[in-house]
Each structure stands twice: as C-alpha cells, then as structure tokens.
Amino acid sequence: MNNYRLINKSTRDMSHLNPFIKDFMPYAQKHMKFNKMPTIMYYSDQDNAAKTFGKTAYYDPSAHNIVLYVDGRHPKDIMRSLSHELVHHCQNERGDLKLGDASSPTYAQDDDHMRKMEKEAYLEGNLLLRDFEDNFKYESKK
C-alpha cells in the first residue's frame, strides 16, 4: 500500500482535518480497491466559496490529483467530497473515465456514461464515508 500526498495550497490551517484523512485513506483504499494513492490538495477560492453552487472538489485523472475547496466548509463536507472524488479515481484506474467527456459544464446531464459515473460516485462515496464515520464513532467505544 503506497502513501498519498497531502498538499495545503489553501490560505487555511487544515491541520484539524489531516488526522481524519490519514485514517480515511487506507480505509478507502481497502474498500474501494484502488491501486495508486492520489495526491490530495486543499485549495482556497473566496469567490467560489461565496457562490451557493460553487465548486466543492474535482479530480484530475491525468495527474491523479484530487482538489478540495476548503473555504467556508464543514470538515465532514470536505471529507464527503474527498470520498466522492476517490470513486472517480477508481473509475480512472478501471479505464471508465476515458469513455466519457467531462469537459462540458453539463456533462452529468448530457452524457449518459458520465451520468452513470456520477451516480456511482455519489452513492459509493457517500456510503463509504458513512461507514467510516459510523466505525469511527461507534467501534471506538466498544
């Protein structure tokens, strides 16, 4: 199991979230079965954060990078975005992302294949984080 890289390119101190990501990444790799760990980057963008429907995260399949926008967000929401993007990372490793086109702003509505990719990311990413959270909260008290 290789290690992920975590780079803080934001204007925020994100040290409070790092231990959770440190625990989550091997958990995610074990359950999602991806081979290579991605690089995770925290980003700040105040203009984006001010938008109700601003960006929360994205995955760059060519560089294997996950960018997490952190301004004005709850840590659990950032973790949810990470989990979602990790599903895209798995899809990339499987070769599934190469079959669609995410260049259009409405790709999730216009491209049937990418719609399926998004459905998988929302379902599997949210469930994985929920399982991790429940394990963290309840298993540690046994």
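Residues numbered from 1 in each chain as written. Predicted model: local features only at pLDDT ≥ 70, side-chain atom pairs only at ≥ 80, totals over all residues. Heavy atoms only, no water.

Asker: What's the story with the pairing of strand β1 (residues 5–9) in this structure? I'm lost.
Answerer: Where a strand is regular, its side chains alternate between the two sheet faces. Here five bridges tie β1 to strand β2 (residues 39–43), and the two strands are oriented parallel to one another. Considered in β2, the bridge of R5 is made with T39. Handedness of the crossover joining β1 and β2 through helix α1 (residues 18–32) is recorded here as left-handed. (Pairing = 2+ DSSP bridges. Helix = DSSP H or I, 4+ residues; strand = E, 2+ residues; numbered from the N terminus. Right-handed = clockwise from strand over helix to strand, strands pointing away.)

Asker: Got a minute to help me understand the sheet that holds strand β4 (residues 65–69) in this structure?
Answerer: For sheets, the rule is that strands pair by backbone hydrogen bonds, running either parallel or antiparallel. Read across the sheet, four strands follow the order β1-β2-β4-β3 without closing on themselves; strand pairing throughout is mixed. Sheet topology places β1 and β3 (57–60) at the edges, where each strand pairs with a single neighbour. Strand-to-strand, the axes of this sheet are offset by a mean angle of 15°, without reference to chain direction. Here β2 runs beside β4; their pairing, made up of five bridges, is parallel. (Axes fitted to C-alpha atoms, helices over the stretch in contact; angles between N-to-C directions.)

Asker: Looking at this model, I keep getting lost on unusual backbone geometry. Mind explaining?
Answerer: Leave glycine aside and you will find that most residues have negative phi; peptide bonds, for their part, are mostly trans. Positive phi values are uncommon outside glycine, yet K33 reaches one of about 65°. As for its position among the elements, K33 is in the loop between α1 and β2. One non-glycine residue with positive phi stands out, namely H64, at about 60°. If you trace the backbone, H64 turns up in the loop between β3 and β4.

In short, geometric facts, not functional conclusions.
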